[in-house]
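Chain and residue survey
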Amino acid sequence: MLEEQGKKVVSFWQPHYHRHDISVMLEISSLSKISMALGGAGRKTFRHLESSINSTMLMWADEISWAYPWVGGDNCIKCNEGNEVEAIFEMLQDTNLYDIYLHGVENCRRYEVNKYITEYIEPLINK
């Protein structure tokens, strides 16, 4: 790989019955500039946080509500289903990609369990 030239694209698929430990998956995704968070058993899944913890998350555009919103062009990349590859290649040319990545990691950290409970769930309950 060190001597290879040009763009590289990798796709990983892990069936639910043969998943690698999350630390292995995060190590692999940390080598990527963009990681896709596609639906699984629904549109809103754990993959959104796996994808955004250490690379820029690409997700499908939708009207789903989030406690801490994912905003295309600010803290993630959004595209329509079927346009993922085009969106990735377009965003790799975007000079704001690093800022989007930083904002995405910051937003992802707001979903860490203890922080999410104390800063989002408890205030809702106390209302």
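Residues numbered from 1 in each chain as written. Predicted model: local features only at pLDDT ≥ 70, side-chain atom pairs only at ≥ 80, totals over all residues. Heavy atoms only, no water.

1. Brief notes about the environment of Cys 108
Structurally, the position occupied by Cys 108 is in helix 4 (residues 97-109). On a C-alpha basis, the gap between Cys 108 and Asn 54 in space is 9.3 Å, while along the polypeptide they are 54 residues apart. In this view, Cys 108 contacts Leu 49, Ser 52, Ile 53 and Trp 70; residues no more than four positions away in its chain are not counted. (Helix = DSSP H or I, 4+ residues; strand = E, 2+ residues; numbered from the N terminus. Contact = heavy atoms within 4.5 Å.)

2. Points about a nonpolar patch on the surface
Residues Val 9, Val 85, Phe 89 and Leu 92 make up a contiguous nonpolar surface patch of roughly 350 Å² in combined accessible area. Relative to the elements of secondary structure, Val 85 occurs in helix 3 (residues 84-91). Val 85 sits in the exposed class, given a relative accessible area of 52%. (Patch = residues over 30% accessible without salt bridge, like charges linked within 9 Å, V, L, I, M, F, W, Y side chains within 5 Å. Areas by Shrake-Rupley, 256 points an atom, 1.4 Å probe, with all protein chains shown as cover. Salt bridge = Lys/Arg side-chain N within 4 Å of Asp/Glu carboxyl O. Buried < 20%, exposed > 50% of the residue type's maximum accessible area, 1.4 Å probe, protein only.)

3. Brief notes about the sheet that holds strand 3 (residues 77-79)
The sheet built from three strands is open, its strands ordered 1-2-3 with parallel pairing. Two strands bound the open sheet, and with one partner strand each, they are strand 1 (34-37) and strand 3. Neighbouring strand axes in the sheet, compared pairwise and without regard to direction, differ in orientation by 25 degrees on average. Pairing analysis gives four bridges linking strand 1 to strand 2 (residues 56-60), with the strands arranged parallel. In the strand pairing of strand 2, Ser 35 is matched with Met 57. (Pairing = 2+ DSSP bridges. Axes fitted to C-alpha atoms, helices over the stretch in contact; angles between N-to-C directions.)

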